[in-house]
Amino acid sequence: MLLLCGADSAELGRFRPILTAFCGFAMKGGKSSAKGRNADNKLSVKKKPVKKTKDPNKPKRPPSAFFVFMEEFRAQFKEKHPNNKSVAAVGKAAGEKWKSMSDAEKAPYIEKAEKRKKDYEKVMHAYNKKQAEGAGDDDSDKSRSEVNDEEGSGEDEEEDDEDDDE
């Protein structure tokens, strides 16, 4: 900085970007120092949010009445249009038909969806109860399959020993 004190404004112009970038301030007659602040923000490392792992044993949510309707509609649509491979076309046709249906026509699908929802709630209650019980038993970092593999490996060795005796 001391070296630049005696320099005229033309010479300082060459050093303005360097001073702004490294020192974070703009010199007299320079541009706003917001650019220097943004440069600091760009250098910071952004942490990605950690996603929870999904439990493969967790029951799937029940379908809505429309998706219950879609199960039947897909089969009907496939029979009428066997060459159609477009999922979008099936969805579009199903949506149009669903909108045109009266409440009385939708009633059986709504009933099926409600029944599936009740079944799901029962299964989820059992699942949550099992999770609450299993939370204290989880002393090991190994999964059940790894533990079963270790137990099973000893049995395989015994069978191999019996084969050698013959």
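Residues numbered from 1 in each chain as written. Predicted model: local features only at pLDDT ≥ 70, side-chain atom pairs only at ≥ 80, totals over all residues. Heavy atoms only, no water.

## Digging into the packing of aromatic side chains
Point 1. The final tally for this structure, using the stated rule, is eight aromatic pairs.
Point 2. Ring geometry for Phe 69 against Trp 98: centres 5.2 Å apart, planes inclined by 40°, an arrangement best described as tilted. Note that Phe 69 is positioned in helix α3 (residues 65-80) and Trp 98 in helix α4 (residues 87-100), a separation of 29 residues in sequence.
Point 3. Taken together through their ring pairs, the aromatic side chains of Phe 66, Phe 67, Phe 69, Phe 73, Phe 77, Trp 98 and Tyr 109 make up a single cluster. (Phe/Tyr/Trp six-rings, centres within 6.5 Å; stacked < 30°, edge-to-face > 60°. Helix = DSSP H or I, 4+ residues; strand = E, 2+ residues; numbered from the N terminus.)

## Notes on the pattern of salt bridges
Point 1. Counted under the stated rule, the structure contains three salt bridges.
Point 2. In this structure, Arg 116 and Glu 71 form a salt bridge, with 3.0 Å as the shortest nitrogen-oxygen distance. Of this pair, Arg 116 sits in helix α5 (residues 103-137) while Glu 71 sits in helix α3, and the two are 45 residues apart along the sequence.
Point 3. The residue Lys 112 makes a salt bridge to Glu 72 at a minimum N-O spacing of 2.8 Å. Residue Lys 112 is found in helix α5, and its partner Glu 72 is found in helix α3; the two are separated by 40 residues along the sequence.
Point 4. Judged by relative accessible area, Lys 112 falls into the partly exposed class, the value being 38%.
Point 5. Note on Glu 72: relative accessible area 30%, which makes it partly exposed. (Salt bridge = Lys/Arg side-chain N within 4 Å of Asp/Glu carboxyl O. Buried < 20%, exposed > 50% of the residue type's maximum accessible area, 1.4 Å probe, protein only.)

## Let's talk about the side chain of Lys 106
Point 1. Topologically, Lys 106 is positioned in helix α5.
Point 2. It is Asp 103 that comes nearest to the buried, bridge-free Lys 106 among opposite-charge side chains, at 4.9 Å.
Point 3. Apart from the residues lying within four places of it in its own chain, the contact partners of Lys 106 are Trp 98 and Met 101. (Lys, Arg positive; Asp, Glu negative; His and termini not counted. Contact = heavy atoms within 4.5 Å.)

## Section: the nonpolar core
Point 1. In terms of nonpolar packing, the biggest core is built from twelve residues, these being Ala 65, Val 68, Phe 69, Met 70, Phe 73, Phe 77, Val 90, Ala 94, Trp 98, Met 101, Tyr 109 and Ala 113.
Point 2. Secondary-structure elements contributing two or more residues to this core are α3, α4 and α5.
Point 3. The element best represented in this core is α3, accounting for six residues.
Point 4. Ignoring sequence-local partners within four residues, the contact set of Val 68 consists of Pro 63, Tyr 109, Lys 112, Ala 113 and Arg 116. (Core = buried A, V, L, I, M, F, W, Y, C linked by side-chain atoms within 4.5 Å.)

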